[in-house]
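Working through the structure, step by step
This is what each chain is made of:
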Amino acid sequence: MAELNQMRRDGTDSAPDWSRREFALHEWMDGPCTYEEYSRGALDLERVNRLTLGYLPARRFLERVFERAGPAPLHVVDVGCGHGDGLRAVYSWAARKNIALRLTGVDINPHAARLAQECDRSAGIPAGGITWITANAFEAELAAPVDVAMSSLFAHHLSDRAIVALLRWNEANARAGWLVNDLRRSERAAWGFKWLTRAIGSCAMVKHDGAVSFRRALTMEEWRERGAQAGVDARVVDVGLGRLSVERIKISG
């Protein structure tokens, strides 16, 4: 009953208006929660990401960047990295391909780095294999210049103004290129997510936040508008399964 009352306060049980972004809706993971609650939600969401091929857009983007950049090691920074499942996927891919990378994940949530380090140990990633920083990414002190900036399923947590700031930060700081991989606002995709999380028995936080996330997400046209506001010339690509990518490679082919 408490969860139902919370959903009513959040507006997630009302009929959505898919024609507009509803950023004011609240996601539980963004609010105060215990480390145990955060961990359960984050690990459950990682399972959804694996089932829906959520790491594929970043891998394909990085492949194109590395084809142009050559063998020199690149510094990849994940903005809003959460508990680091996206960077661990990049780490594993690069290890299989024998590609040298420097990986840094930045997230403002104080629980994120702790869980990321625990997951690194479980995955057999050596200490220091990935650097985790708890900070506002726009203000973080990074140990090396950024070659590639990426963010995954993060942008819908930001206001329209902050999204424009993210695009400008990416353009100003990422020397080789940058990628924003996020949800695409879609009623059909939201229903698909709902039935998937029911089928696999996801926790209440993931079910709730997933429903909210799709309503907070932008359409492809809205991303083009934010890019114009930021003054960046980026590709907006529908990557399927209710997701899109906003990307720019700066290195000439």
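Details of the structure are given in the entry above.
Attention here is on the structure that accompanies the text. (Residues numbered from 1 in each chain as written. Predicted model: local features only at pLDDT ≥ 70, side-chain atom pairs only at ≥ 80, totals over all residues. Heavy atoms only, no water.)

**Remarks on the packing of helix 6 (residues 160-173) against helix 9 (residues 220-230)**
- As a packed pair, helix 6 and helix 9 sit with axes 9 Å apart at the nearest point and diverge in direction by 60 degrees. At the point where helix 6 passes helix 9, the crossing takes the right-handed sense. For the pair helix 6 and helix 9, the contacting residues are D160, I163, V164, L167 and R168 in the first and W223, R226, G227, Q229 and A230 in the second.
- Across the contact of helix 6 with helix 9, the residue classes break down as five nonpolar, two polar and three charged. (Axes fitted to C-alpha atoms, helices over the stretch in contact; angles between N-to-C directions. Helix = DSSP H or I, 4+ residues; strand = E, 2+ residues; numbered from the N terminus. Left-handed = near helix turned anticlockwise from the far one by under 90°. Contact = heavy atoms within 4.5 Å. Nonpolar A, V, L, I, M, F, W, Y, C, P; charged D, E, K, R; others polar.)

**So, the nonpolar core**
- Judged by nonpolar contacts, the single largest core of 27 residues is most densely connected at V79, V106, L167, W178, V180, W223 and V246.
- Elements supplying a minimum of two residues to this core: strand 1 (74-79), helix 6, strand 5 (177-183), helix 9 and strand 7 (243-249).
- Per element, the largest residue contribution to this core is five residues, and it comes from helix 6.
- Every residue in contact with L167, bar those within four places of it in the chain, is listed here: W178, V180, W223, R226, G227, A230 and V232.
- One finds A116, I130, V148 and A176 within the second-largest nonpolar core, a separate group that totals 23 residues. (Core = buried A, V, L, I, M, F, W, Y, C linked by side-chain atoms within 4.5 Å. Buried < 20%, exposed > 50% of the residue type's maximum accessible area, 1.4 Å probe, protein only.)

**Details of the layout of surface pockets**
- In this structure, the largest pocket encloses a volume near 1,100 Å³.
- If you go around the largest pocket, you meet 49 residues; those closest to its centre are S152, L153, F154, H156 and H157.
- Elements with a contribution of two residues or more to the lining of the largest pocket: helix 2 (35-51), strand 1, helix 4 (85-97), strand 2 (101-107), helix 7 (187-199) and helix 8 (204-216).
- For the lining of the largest pocket, the element with the most residues is helix 2, which contributes six residues. (1 Å grid on protein atoms, 1.4 Å probe; cavity = no way out; pocket = protein on both sides within 12 Å on 5 of 7 lines; lining within 4 Å. Points joined across faces, edges and corners; volume = space filled by probe spheres on them.)

**What about the packing of helix 7 against helix 8?**
- The N-to-C vectors of helix 7 and helix 8 enclose an angle of 175 degrees; their axes lie 9 Å apart at closest approach. Classified by the angle their axes make, helix 7 and helix 8 are roughly antiparallel. Residue-level contacts link A189, A190, F193, T197 and R198 of helix 7 to V206, K207, G210, A211 and F214 of helix 8.
- Taken together, the residues that form the contact of helix 7 with helix 8 break down as six nonpolar, two polar and two charged. (Parallel < 35°, antiparallel > 145°, perpendicular 65-115°, else oblique.)

**So, empty space enclosed by the protein**
- Summed over all chains, the structure comprises one cavity of 30 Å³ or more.
- Empty space within the largest cavity amounts to approximately 40 Å³.
- Around the largest cavity sit G54, Y55, A58, G86, V90, M150, S152 and N181, which together line it.
- For the lining of the largest cavity, a count of residues per class yields four nonpolar, four polar and no charged.

**Here's the deal with the packing of aromatic side chains**
- Tallied over the full model, the rule gives four aromatic pairs.
- Ring centres 6.3 Å apart and planes at 40 degrees place the aromatic pair F138 and W169 in the tilted group. Here W169 lies in helix 6 and F138 lies in the loop between strand 3 (131-134) and strand 4 (148-152), a separation of 31 residues in the sequence.
- With centroids separated by 6.4 Å and ring planes inclined at 25 degrees, the aromatic side chains of W191 and W195 adopt a geometry described as stacked. Taken together, the residues W191 and W195, both in helix 7 and four residues apart, mark about one turn of the helix.
- Exposure remark for W195: the relative accessible area of 47% places this residue in the partly exposed category.
- Across the ring face of Y35, the terminal group of R114 is positioned such that the distance to the ring centre comes to 3.6 Å. (Phe/Tyr/Trp six-rings, centres within 6.5 Å; stacked < 30°, edge-to-face > 60°. Lys NZ or Arg CZ within 6 Å of the ring centre and 35° of its normal.)

**Observations regarding the state of the cysteines**
- Taken as a whole and judged by the stated rule, the model has zero disulfides.
- No disulfide involves C33; its sulfur sits 11 Å from the nearest other cysteine sulfur, which is in C203.
- With a relative accessible area of 17%, C33 lands in the buried category.
- There is no disulfide at C81, and the cysteine sulfur nearest it, in C119, is 11 Å away.
- With relative accessibility at 8%, the residue C81 sits in the buried group. (Disulfide = S-S within 2.5 Å.)

**Quick look at the side chain of S202**
- Among the secondary structure elements, S202 is positioned in the loop between helix 7 and helix 8.
- With near-sequence residues (within four places) excluded, S202 lies in contact with D44, R47, V48, T197 and K207.

**Some words on the environment of S159**
- On the secondary structure map, S159 appears in the loop between strand 4 and helix 6.
- Its relative accessible area of 27% is what places S159 among the partly exposed residues.
- Distance from S159 to E27, taken between C-alpha atoms, is 13 Å for residues 132 residues apart in sequence.
- The residues contacting S159, other than those within four sequence positions of it, are R21 and F23.

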